[in-house]
Structures are given as structure tokens and as C-alpha cells.
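Structural overview
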Amino acid sequence: MLRLVILQILYIFLMKTQPIYLEDSYQQEMDGVIENVLDESEGRYRLILDKTVFYPMGGGQSTDQGILECPEGKMEVYMVMMKDGEINHYVKAIMKPEIGQRVHGKINWERRYGNMRKHSAGHVVDFALYLLGYSPKTLLPLKGDHDKKPQIVYQGSVDTPLQEEIEKKANELVAQNISFSWAFKPLDEVEKQVIYLQPGLPANKPLRILTLEGVGSVADGGTQVHQTAEIGHISITQIDVHDGQTIVFYSIA
Ligand SMILES: [Zn+2]
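What counts, and where the lines are drawn
- Residues numbered from 1 in each chain as written.
- Predicted model: local features only at pLDDT ≥ 70, side-chain atom pairs only at ≥ 80, totals over all residues.
- Heavy atoms only, no water.
- Core = buried A, V, L, I, M, F, W, Y, C linked by side-chain atoms within 4.5 Å.
- Buried < 20%, exposed > 50% of the residue type's maximum accessible area, 1.4 Å probe, protein only.
- Helix = DSSP H or I, 4+ residues; strand = E, 2+ residues; numbered from the N terminus.
- Contact = heavy atoms within 4.5 Å.
- Pairing = 2+ DSSP bridges.
- Axes fitted to C-alpha atoms, helices over the stretch in contact; angles between N-to-C directions.
- Parallel < 35°, antiparallel > 145°, perpendicular 65-115°, else oblique.
- Left-handed = near helix turned anticlockwise from the far one by under 90°.
- Nonpolar A, V, L, I, M, F, W, Y, C, P; charged D, E, K, R; others polar.

1. Some points on the nonpolar core
Counting 32 residues, the largest nonpolar core has V125, F127, I166, L173, F180, I231 and I234 as the members making the most contacts within it. Sorting the residues of this core by element identifies α3 (109–131), β10 (151–155), α4 (163–175), β11 (180–185), β12 (207–212), β14 (234–242) and β15 (245–252) as the ones contributing at least two each. Of the residues forming this core, the biggest block, seven residues, is contributed by α3. With near-sequence residues (within four places) excluded, F127 lies in contact with L173, F180, I195, L212, V215, G216, S217 and V218. In this structure, Y21, Y45, V53 and V77 belong to the second largest nonpolar core, which totals 24 residues.

Listed below in C-alpha cells is the structure:
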């Protein structure tokens, strides 16, 4: 949905860290090794690991938080970000971590699961617009934010009031408890499957494709729930139209 998502999808084939969260969004813990340590400020460091369950903020989805445990003690992971093509774990630690050190990582699952539900809800809303015939022809998806004020921004506008119609269709998809699934595919296969294609996708690298069973597929790099029922009721709280763009605000319980 977002350029940032696409960048993340690209980076994963070049970076040091195996992103476990892209394959299994329900894995909460992992054992890993520190590959690099960078100084941030007093008592704060940036760590690159060989693998991670921590989702780096991006694609409209907020950062994971949690802890990294090692024999020397616990480190608090307060932010995770893509930087210079790598997944950086920003930690607070009493002792400076060392390259080669083994760590046990554990994400704050309550926070992550909330982010997954909000992110998947955004895609359900987007698929609802697709099923209603508005997207991608009349309303072209530009970007999404699935954090504090969840919203999807579309290029274009329509004259009819959309709020109730979208909310009804989105909650039908929730009630049907449909499966989300994901897979890595080359661009030519992605092109054939998706309901819309972001510009600038590379032809020479696999992309992650997200499918809502029996509805459609999009390219995506965030974490998702397995079943739409996990999202719960979706409210379309507001729709703004200005400068030729339509912004659909939504929330979940
Ligand atoms: Zn997404």
C-alpha cells in the first residue's frame, strides 16, 4: 500500500537480519546473535541481530517494543527501525552489548497484536472499497496509517456518502471470518494477482503478496492477523475529502 512497505520488502533480501515477523506474525520470541552494535547515547545502543521477531516501524504500522535477554541482564527494546537498509533495535542497557553475544528476544505481544489487528483492519476497509467498486478505479489507494489515528488515503473522490456503505461491507468481511495469507512471489506473478499495483516495484526481486481469501491480493510488508474475525467490529469514524483526495478514517474496538 505504501512506498515504505515496498522499501521494506526490498531490503529483506539484502539485509543481515532474517525478518521472522514477515513469515510468522504470531511468533513472539526468538534466540538470536548480535551482529553489530552502534552507540546511540549514554546507555543507549542500536543492535543488528541475525534474526528478529521485532517489527520495524513502517508501512503505517508502529514499532514493536519488548526485551532482549542475555546472561549479563535484560535490555529494553524501545524502538525498532529500518536504517541504512538494516533492522535497528534501539535498546537501553546498563552494560554495552557485544558483537557475537547471544540474546533471547521477546516482543510486547499485547502491543503487537493490537497493531496487527489495526493494520489488517485497514486492509479489510481497503478490500471493502474494492468490492464496492470504488477502488482502485475511482479511488486509488495512496497510503495508510495504522497507528494512533488509523486512516487510508485515496486519490480521487466520489459524490455519494460512503461511510455507512464501507462500514457495512467491512464488517461483513469480519463476520465471514475470512483468512489472510501471504507469500513471496516475483513481480510478474504479483502483477497478475493484485487488485492494484504500486508504481516502482522492482522486477528482479521477490515481493510479499497478501491475499484475503476469495477477495483479492495486494503487495504488503506489514504483520497481519490470520482471520478477519480477530479484528472485531470496524467503525468508519470519518471521511474527509480535500485537494482531490479522500481520507477514510477507521477504528477498531
Ligand atoms: Zn499493509
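Let's pick the thread back up.
2. As for the pairing of strand β7 (residues 86–92)
The buried fraction of β7 is high, at six of seven residues. Of the pairings in the sheet, the one linking strand β3 (residues 44–49) to β7 comprises four bridges and is antiparallel in character. Note that in β7 the partner of R44 across the bridge is K92. Relative to β7, strand β6 (residues 73–83) is paired through seven bridges, and the arrangement is antiparallel. The residue of β7 that forms the bridge with V80 is H89. Here β6 folds back onto β7, and the loop between the two strands holds two residues, one of which, D84, carries a positive phi near 50°.

3. Notes on the packing of α3 against α4
One can describe the packing of α3 onto α4 by two numbers: an axis separation of 9 Å at closest approach and a directional angle of 115°. Between α3 and α4, the angle falls in the class roughly perpendicular. Relative to α4, α3 is oriented so that their crossing is right-handed. Contacts between α3 and α4 pair V124, V125, F127, A128, L129 and L131 from the former with I166, K169, A170 and L173 from the latter. Of the residues belonging to the contact of α3 with α4, the class tally is nine nonpolar, no polar and one charged.

4. Focus on the sheet that holds strand β8 (residues 102–107)
Ordered by their spatial adjacency, six strands build a closed barrel running β2-β3-β7-β6-β5-β8, and the pairing between neighbours is antiparallel. If you compare each strand with its neighbour and ignore which way they point, the axes differ by 45° on average. Note that strand β2 (residues 29–41) and β3 share six bridges and pair antiparallel. When the bridges of β3 are listed, N36 appears paired with I48.

5. Remarks on unusual backbone geometry
Put simply, S135 and P136 share a cis peptide bond, and its omega is 5°. Here P136 shows up in the loop between α3 and β9 (140–145). Phi is positive for D84, which is not a glycine, with a value near 50°. Residue position: D84 is located in the loop between β6 and β7. The exposed category is assigned to D84, whose relative accessible area is 71%.

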